[in-house]
Amino acid sequence: MITRPMDPERARWVGTGIPPRLRGITLNDVEEMGPSHPQALANARAYVDQFRGQQDKNWKGLPTNPNIFGQGLMFAGPPNTGKTTLAAAVLCELRRRWNVSVYYSRFPAHVDRKIALLKAGGDANPEEVSRMTYSVERVEWADVVLLDDVGQEHTTSTGYAEDTLSELLRQRFDEGLPTLITTNLGGSEWAQRYSKPLRSFMDRCTRRTVFVGEVTRRAAV
Ligand SMILES: Nc1ncnc2c1ncn2[C@@H]1O[C@H](COP(=O)(O)OP(=O)(O)OP(=O)(O)O)[C@@H](O)[C@H]1O
Ligand SMILES: [Mg+2]
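To start, this report covers the structure provided alongside it. (Residues numbered from 1 in each chain as written. Chains lettered and ligands numbered in written order. Predicted model: local features only at pLDDT ≥ 70, side-chain atom pairs only at ≥ 80, totals over all residues. Heavy atoms only, no water.)

### Concerning helix α5 (residues 83–98)
- The first and last C-alpha atoms of α5 sit 22 Å apart over 16 residues, in line with the 22 Å expected at 1.5 Å per residue.
- Counting buried positions over the 16 residues of α5 gives 13, a clear majority of the element.
- Backbone geometry just downstream of α5 places Asn-99 in the positive-phi region, at approximately 60°. (Helix = DSSP H or I, 4+ residues; strand = E, 2+ residues; numbered from the N terminus. Expected span 1.5 Å × (residues − 1). Buried < 20%, exposed > 50% of the residue type's maximum accessible area, 1.4 Å probe, protein only.)

### Topic: the site of ligand 1
- In the vicinity of ligand 1 lie 17 residues, with Asn-80, Gly-82, Lys-83, Thr-84 and Thr-85 positioned nearest.
- Within the contact set of ligand 1, an oxygen atom lies 3.0 Å away from a backbone nitrogen or oxygen of Thr-81.
- Between an oxygen atom of ligand 1 and a side-chain N or O atom of Thr-84, the distance comes to 2.7 Å.
- Expressed as a share of its isolated accessible area of 630 Å², the protein-covered part of ligand 1 is 81%.
- Elements represented by at least two residues in the shell around ligand 1 include exactly α2 (27–33) and α5. (Near = heavy atom within 4 Å. Polar contact = N/O pair within 3.5 Å; in protein donor to acceptor, adjacent residues only side chain to side chain. Areas by Shrake-Rupley, 256 points an atom, 1.4 Å probe, with all protein chains shown as cover.)

### Quick notes on the side chain of Thr-164
- For Thr-164, the location among the structural elements is in helix α8 (residues 160–174).
- Residue Thr-164 is classed as buried on the basis of its relative accessible area of 8%.
- Leaving out residues up to four positions away in the same chain, Thr-164 has contacts with Phe-107, His-110 and Lys-114. (Contact = heavy atoms within 4.5 Å.)

### Considering unusual backbone geometry
- Even without being glycine, Asn-80 reaches a positive phi, approximately 65°.
- By secondary structure assignment, the location of Asn-80 is in the loop between β1 (72–76) and α5.
- By relative accessible area, which is 44% here, Asn-80 ends up partly exposed.
- Phi at Asn-99 is positive, roughly 60°, even though this residue is not glycine.

### A look at the sheet that holds strand β4 (residues 179–183)
- Taken together, 5 strands build an open sheet; the order of strands is β2-β3-β4-β1-β5 and the sheet is parallel. Among the strands making up the open sheet, the edge pair consists of β2 (102–106) and β5 (206–210). For this sheet, the mean angle separating the axes of adjacent strands, direction not counted, is 15°.
- Bridging between strand β3 (residues 144–148) and β4 involves 3 bridges; their strand directions are parallel. Bridging from a neighbouring strand, Val-145 pairs with Thr-179 of β4.
- Sitting on the sheet, helix α6 (residues 107–119) is in contact with β2 and β3, with an inclination near 85° to β2. (Pairing = 2+ DSSP bridges. Axes fitted to C-alpha atoms, helices over the stretch in contact; angles between N-to-C directions.)

### Thoughts on the packing of aromatic side chains
- Enumeration according to the criterion identifies 5 aromatic pairs in this entry.
- On the numbers, 6.2 Å between centres and 80° between planes, the contact of Tyr-103 with Tyr-134 is edge-to-face. You can see Tyr-103 sitting in strand β2 and its partner Tyr-134 sitting in helix α7 (residues 126–141), a full 31 residues away along the chain.
- Ring geometry for Trp-190 and Tyr-194: centres 5.0 Å apart, planes at 75°, overall edge-to-face. Take Trp-190 and Tyr-194: they sit in the same class, and that class is buried.
- The lysine or arginine in question, Arg-170, covers the ring of Phe-201, its NZ or CZ lying 4.5 Å from the ring centre. (Phe/Tyr/Trp six-rings, centres within 6.5 Å; stacked < 30°, edge-to-face > 60°. Lys NZ or Arg CZ within 6 Å of the ring centre and 35° of its normal.)

Next up, the structure:
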């Protein structure tokens, strides 16, 4: 069997959970894709540029900028507006530029992994358990995590998914670890889905950009 050596640039992204089509994507790549959402792109650039300052601590170990320390971004808008692409570019740029550890997960997949680990008994496949454990730990402890498709997770009467989201965001924020979120829930669905305390916490720990209108691809030349 012939195994092709992996391109070293692409190999750097293994273990980050980033989907192969988005690994290593830059903000310039997004800009070249089309003229959509200049404000969102500008917000993304500003976030990456000021990230080190945002996360800065003084000699006592206290945040220099407590108002924004640990803050992430939220990209909200209808399907197919380029939210995931832009958020993945922010993640990749932060890693490249500031050398922080990053991780990507769809939020529904994270909830599924948590439930599977809770249910896993002695007969569970150990490799799968260790893969899921790795992923859950990266979501909780990576310097920056992207939770994609928040709001697409299944809800149950126990409220497990919402509790998971709330606990995860609060724990990360307390540790000063920023979280990036994408969601395609609109205002009223958002309000129906999450409790008021969680919504106001999400506004505290992220800065929201609303995407409107589908992406328009730049005409091929
Ligand atoms: N700035 C852009 N200009 C042109 N096309 C883009 C741009 N950003 C993303 N795209 C393309 O648009 C499609 C949708 O992008 P993406 O998956 O990022 O959207 P999304 O908002 O996350 O959608 P969903 O809500 O369904 O997850 C992809 O094919 C992507 O390559
Ligand atoms: Mg998406």
